[in-house]
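# Per-entry structural report
Here are the chains, one letter per residue:
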Amino acid sequence: MTLALERRGWAVMLLALLAALAGPTPAAWAQEEEADAAVAEEAAEESSEEAPAEDAEASEADAAADWDGGVGYALDNAMLFLCAVLVFFMQAGFAMVESGFNSSKNAVNIMFKNAMDICVGVLLFFIVGFGLMYPDLYAGGEGNGYFGFGGFGLNNYAAEAGRTFAPEVDWLFQAVFAATAATIVSGAVAGRMKVAGYLVYSAILTGLIYPISGYWKWGGGWLTQFGEEGADGWSMAFQDFAGSAVVHGLGGFAGLAGAIVLGPRLGRYVDGKSVPMPGHSIPLAGLGVFILWFGWYGFNPGSQLAFQSTGDIDATMHCAITTTLAAGAGGIIATLMSWIMFGKPDLSMGLNGILGGLVGITACCDCMSTWAAMAVGAIAGILVIAGILMLDKLKIDDPVGAWPVHGLCGLWGCLAIGIIPNSHLESGATNLGIQAIGAFSICAWAFVTMFVLFTLLKGTGLLRVSPEEEQQGLDISEHGMAAYTN
């Protein structure tokens, strides 16, 4: 009996020791949890009363960083990146068109200018251009309708939860558009402009001139707000879906300013008569046009900027088919006109007609019917021929037809929205007067600012090479190398 009691006592002591080592009992756990919850609730109440505004902003930033848009977000960003790559590839098309339509002794110079356009363009558009064009995308950034600035780089980009695009892909798509506007001028000033002067021009256009007028339309500036209430309740505003005026018109009229200030190439006009100076490789120019047409499927359909829903993808495909039909119509009409006027079908005119159709439909690829798109392209083909002949009469030397294709057809694309009946625009109805004011404002901005810049470059001796250097060719005089060797 005594032994049993001793054993029981030892067992009780052992159980007590094990319980102490294991921790509190379930009842104790419940009491501790209740106490901890009460302490946490009091702490939360105190912190919510005393938390500064910085904590709230930090929590919003954390939420934006942790936000997951899912498959739709990924699709939109992947598609926009693909379209940006297509637009980037247009640089190769521009380089080939300009080189093919010019003398072989200037091919290196033309390739150099196109390469530097994209290099200078992406750097300056990153540093200041994007902030000038889209100030409202930055935390604390705002504009007054005519000018605004959000910040440098992308550090202050307000990447909020629920956003459509990653800041990087948003910038990339806009940056390749800026480079496109700059490289249009390269062909208009080919064969006689100094490299140093061209680099100055390229930097100012991509870093300042293009972003400011781009803000007017695409960044929420005065052309977005411009107009009056329509009779059907729609707010009238200037329309330029993918940049007939914002990109192409600006580049075309900047090129016109450069061609006027530079003057014609040596031997282009003799005793008041026009002397043709054919390019050294029409096949190279033709390949460039095909590349540009290919890249335009990123330029126009990509400007839909949304690809998730059935309506979004339908609109994207509509832009693709109107772009295709306008290009075809422009090429056919320009070729037929050259055949009638010159007795032979001129391939260079047909190629420029294709580009003119593409430029013309860029403003209205979203709203024109398929039949209307063909009309837009056909009229653009006529304007290309008319523009080339007009420059010839005025003795303005534009070696590749940059102004007829991009300037004149860029204006036409915007005006067509107010002339040719089209489907209802999602952002509102418009009229010819509004379209004319918007398009001419952008083109005049480019022409005046670039005319001043080219005049200043001329006054400082940075604009045109010497007659001896021009006759030798810019490849040797400016770069010390030749494009073609035996």
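It should be noted that the structure appears before, not after, this text.
As the structure is a prediction and not an experimental result, all values here were calculated from the model.

### Some words on the pattern of salt bridges
Within this structure, the stated rule accounts for 4 salt bridges. A salt bridge links R265 to D397, with the shortest nitrogen-to-oxygen separation between them at 2.7 Å. With a gap of 132 residues between them, R265 in the loop between α9 (244–262) and β3 (269–270) and D397 in the loop between α13 (370–394) and α14 (402–419) connect regions that are remote in the sequence. Here R265 falls in the buried class, since its relative accessible area comes to 10%. Exposure remark for D397: the relative accessible area of 2% places this residue in the buried category.

### Observations concerning the nonpolar core
Core analysis: the largest hydrophobic core is formed by 106 residues, its most contacted members being Y201, Y210, M450 and F454. Looking at this core element by element, the count peaks at 12 residues for helix α6 (residues 167–188). Excluding residues within four positions of it along the chain, Y210 makes contact with F125, M133, F177, A178, A181, L205, W218, V246, V247 and L250.

### Overview of the packing of α6 against helix α7 (residues 195–218)
Following both chains from N to C, one finds α6 and α7 inclined at 125°, their axes separated by 9 Å at the closest point. Considering their axes alone, α6 and α7 lie oblique with respect to each other. Crossing angle aside, the handedness with which α6 passes α7 is right-handed. Contact residues: α6 offers Q174, F177, A178, A181, A182, T183, V185 and S186, while α7 offers Y198, Y201, S202, L205, T206, Y210 and W218. Taken together, the residues that form the contact of α6 with α7 break down as 10 nonpolar, 5 polar and no charged.

### Here we look at the packing of aromatic side chains
Inspection of the entire model under this criterion finds 20 aromatic pairs. With a centroid separation of 5.3 Å and an interplanar angle of 55°, the aromatic rings of Y198 and Y201 are classed as tilted. With Y198 and Y201 both in helix α7 and 3 residues apart, the pair spans about one turn of that helix. Take Y198 and Y201: they sit in the same class, and that class is buried. Between W296 and F299 the ring centres are 5.8 Å apart and the planes differ by 40°, which places this aromatic pair in the tilted class. Pair noted here: W296 and F299 are both in helix α10 (residues 282–299), with a separation of 3 residues, about one helical turn. With a relative accessible area of 0%, W296 lands in the buried category. Pairwise contacts between aromatic rings join F125, F130, Y134, Y138, Y157 and Y210 into one cluster.

Definitions and limits used
Residues numbered from 1 in each chain as written. Predicted model: local features only at pLDDT ≥ 70, side-chain atom pairs only at ≥ 80, totals over all residues. Heavy atoms only, no water. Salt bridge = Lys/Arg side-chain N within 4 Å of Asp/Glu carboxyl O. Helix = DSSP H or I, 4+ residues; strand = E, 2+ residues; numbered from the N terminus. Buried < 20%, exposed > 50% of the residue type's maximum accessible area, 1.4 Å probe, protein only. Core = buried A, V, L, I, M, F, W, Y, C linked by side-chain atoms within 4.5 Å. Contact = heavy atoms within 4.5 Å. Axes fitted to C-alpha atoms, helices over the stretch in contact; angles between N-to-C directions. Parallel < 35°, antiparallel > 145°, perpendicular 65-115°, else oblique. Left-handed = near helix turned anticlockwise from the far one by under 90°. Nonpolar A, V, L, I, M, F, W, Y, C, P; charged D, E, K, R; others polar. Phe/Tyr/Trp six-rings, centres within 6.5 Å; stacked < 30°, edge-to-face > 60°.

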